Amino acid sequence: PGLSEISWFYSPYFIIGYPMYEIAFWSTLHSEYIQRNLRDPRKNNDTAYKIPYGGLFDYVTNATYFGELMAWLGWALWTRSPGGVFVFAVSIA
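Conventions used here
- For every chain, the first residue of the written sequence is number 1, and numbering continues from 1 onward in sequence order.
- The predicted nature of this model means local features are confined to residues of pLDDT at least 70 and side-chain atom pairs, given and counted, to a pLDDT of 80 or more, with totals for whole chains, interfaces and linings taken over all residues.
- Water and hydrogen atoms play no part in the side-chain values, which are based on all heavy atoms of the structure.
- Think of it this way: any DSSP run of H or I at least four residues long counts as a helix, any run of E at least two long counts as a strand, and we number them from the N terminus.
- When we talk radius of gyration, it's over C-alpha atoms, and the globule rule is simply 2.2 Å times the number of residues to the 0.38.
- Any pair of residues with heavy atoms lying within 4.5 Å of one another is described as a contacting pair.
- In protein, a polar contact requires one atom able to donate a hydrogen and another able to accept it; more generally it is a pair of N or O atoms within 3.5 Å, and residues adjacent in sequence count only if both atoms are side-chain atoms.
- Under this scheme, a helix contributes an axis fitted over its contacting stretch, all axes are lines through C-alpha atoms, and angles between N-to-C directions fall in the 0 to 180 degree range.
- Angle categories: roughly parallel below 35 degrees, roughly antiparallel above 145, roughly perpendicular from 65 to 115, and oblique for all the rest.
- Helix crossings fall into two classes, left-handed where the near helix is turned counterclockwise from the far one by less than a right angle and right-handed where it is turned clockwise.
- Amino acids outside the nonpolar list (Ala, Val, Leu, Ile, Met, Phe, Trp, Tyr, Cys, Pro) and the charged list (Asp, Glu, Lys, Arg) are all regarded as polar, and Gly is one of them.
- Each residue's exposure class comes from its accessible area (1.4 Å probe, protein chains only) as a fraction of the maximum for that residue type: buried when under 20%, exposed when over 50%, partly exposed otherwise.

*Asks:* Teacher, can you tell me more about the overall build of the protein chain here?
*Replies:* Scanning the protein chain from N- to C-terminus turns up three helices and zero strands. The linear arrangement of helices and strands in the protein chain, starting from the amino end, is α-α-α. Taking 2.2 N^0.38 as the reference for a compact globule, 93 residues should give roughly 12 Å; the C-alpha atoms of the protein chain span a radius of gyration of 17 Å, well beyond that estimate. Considered along the principal axes of its C-alpha atoms, the protein chain spans approximately 60 × 25 × 20 Å. The long-range fraction of contacts in the protein chain, counting pairs at least 24 apart against all pairs at least 6 apart in sequence, stands at 51%.

Right, dumping it as structure tokens:
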């Protein structure tokens, strides 16, 4: 609000929020890739419990959920949207 179209790209909200959203988005995709490949596709009955390793799983228990939260936080900063803040708050609860 109150920013011209070009100056919006230089605002701290955009400079922090957009890269935060992009990094979180790609980390979510990477986490989902790790989870999808936990089971051996050659074994139809592979139901063994496996713990994911690598990526953000080395730092948090549920890397996909963490990535989603960071993406919504980045989107809320990037757009300065009450909707983004609401979705972030509901996701945390």
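We are not done yet, so read on.
*Asks:* Where do I start with the environment of Asn 62 in this structure?
*Replies:* Tracing the backbone shows Asn 62 in the loop between helix H1 (12–36) and helix H2 (63–79). Distance from Asn 62 to Gln 35, taken between C-alpha atoms, is 10 Å for residues 27 residues apart in sequence. Within the structure, Asn 62 has its side chain in polar contact with the backbone nitrogen of Tyr 65 (distance 3.2 Å).

*Asks:* Sorry if this is basic, but what is going on with the packing of H1 against H2 here?
*Replies:* Helix packing for two helices is described by the angle between their axes and how far apart those axes are. Taken N-terminus to C-terminus, the directions of H1 and H2 make an angle of 160°; their axes are 7 Å apart at the nearest point. When the interaxial angle is binned, H1 and H2 end up roughly antiparallel. When the axes of H1 and H2 are compared, the crossing they make is left-handed. Residues of the contact of H1 with H2, tallied by class, amount to 15 nonpolar, eight polar and two charged.

*Asks:* Sorry, what's going on with the packing of H2 against helix H3 (residues 82–92) here?
*Replies:* Here H2 crosses H3 at 155°, and the two axes come no closer than 8 Å. As the angle between them shows, H2 and H3 are arranged roughly antiparallel. By crossing handedness, the relation of H2 to H3 is classed as left-handed. In contact with Tyr 65, Leu 69, Trp 72, Leu 73, Trp 75 and Ala 76 of H2, H3 contributes Gly 83, Gly 84, Val 85, Val 87, Phe 88, Ser 91 and Ile 92. Considering only residue class, the contact of H2 with H3 consists of ten nonpolar, three polar and no charged.

*Asks:* It is not clear to me how the side chain of Ser 31 should be interpreted in this structure. Could you clarify?
*Replies:* With respect to the helices and strands, the residue Ser 31 is situated in helix H1. Under the relative-accessibility criterion, Ser 31 is labelled buried at 1%. Setting aside residues up to four positions removed in sequence, Ser 31 forms contacts with Phe 57, Ala 63 and Thr 64.

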